[in-house]
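Close look at the chain arrangement
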Amino acid sequence: MLASVPVALAGLLAVFLLLLVLSKRIASPVAESYEKQRRFITDAGHELKTPLTVIGADLDLVEPELEGSE
């Protein structure tokens, strides 16, 4: 009984360390995928905002001319 406690604790420690190492391996592709998705969303948002800003600026220039012709 006295010897089983240290063996059980050593086994639990070994399992904990093994889980710690393997969880990093499992989580790294998920983290990498999340980072790629975040970067894509940021880039896509920028690519959409740029043309909309140009169109809005052009509309601001043309709008006074359209109001004057009515």
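Note that the structure is a prediction, hence the values are computed from the model and not measured. Within each chain, residue numbers correspond to sequence positions counted from 1 in written order. Owing to the predicted nature of the model, reporting of local features is limited to residues with pLDDT of at least 70; listing and counting of side-chain atom pairs is limited to 80 or more, with chain, interface and lining totals taken over all residues. Each side-chain value is derived from all of the structure's non-hydrogen atoms; neither hydrogens nor water enter the calculation.

1. Let's talk about the overall build of the protein chain
- Secondary structure follows DSSP: runs of H or I at least 4 residues long count as helices, runs of E at least 2 residues long count as strands, and numbering of each begins at the N terminus. Scanning the protein chain from terminus to terminus reveals one helix and zero strands.
- Compactness check: the protein chain gives a C-alpha radius of gyration of 30 Å against a globular reference of 11 Å for 70 residues, more than 25% above the reference.
- Expressed as lengths along the three principal axes of its C-alpha atoms, the size of the protein chain is roughly 100 × 15 × 10 Å.
- Sorting the 70 residues of the protein chain into buried and exposed places 0% on the buried side. Throughout, the radius of gyration refers to the C-alpha atoms, and the reference size of a globule is 2.2 Å times the residue count to the power 0.38. Exposure classes here rest on a 1.4 Å probe applied to the protein chains alone. A residue is buried below 20% of its type maximum, exposed above 50%, and partly exposed in between.

2. Observations concerning a nonpolar patch on the surface
- Only residues whose relative accessible area exceeds 30% and that form no salt bridge are eligible for patches; like-charged ones are grouped when within 9 Å, while nonpolar side chains (Val, Leu, Ile, Met, Phe, Trp, Tyr) are grouped when within 5 Å. For the accessible areas, the method is Shrake-Rupley and the probe is 1.4 Å, while residue cover comes only from the protein chains on display. Each reported salt bridge corresponds to a side-chain nitrogen of Lys or Arg within 4 Å of a carboxyl oxygen of Asp or Glu. A cluster of nonpolar side chains, namely Leu13, Phe16, Leu17 and Leu20, defines an oily patch on the protein surface of about 390 Å² accessible area.
- Counting through the fold element by element, Phe16 comes out in helix H1 (residues 4–68).

3. Focus: the environment of Ile26
- Mapped onto the elements, Ile26 comes out in helix H1.
- Put simply, Ile26 and Ile55 are 29 residues apart on the chain and 45 Å apart in space, counted from C-alpha to C-alpha.

4. Topic: the pattern of salt bridges
- Counted under the stated rule, the structure contains two salt bridges.
- The salt bridge involving Glu32 is made with Lys36; its shortest N-O contact spans 3.5 Å. On the criterion of helical spacing, the pair formed by Glu32 and Lys36 is a turn pair, its members being four residues apart in helix H1.

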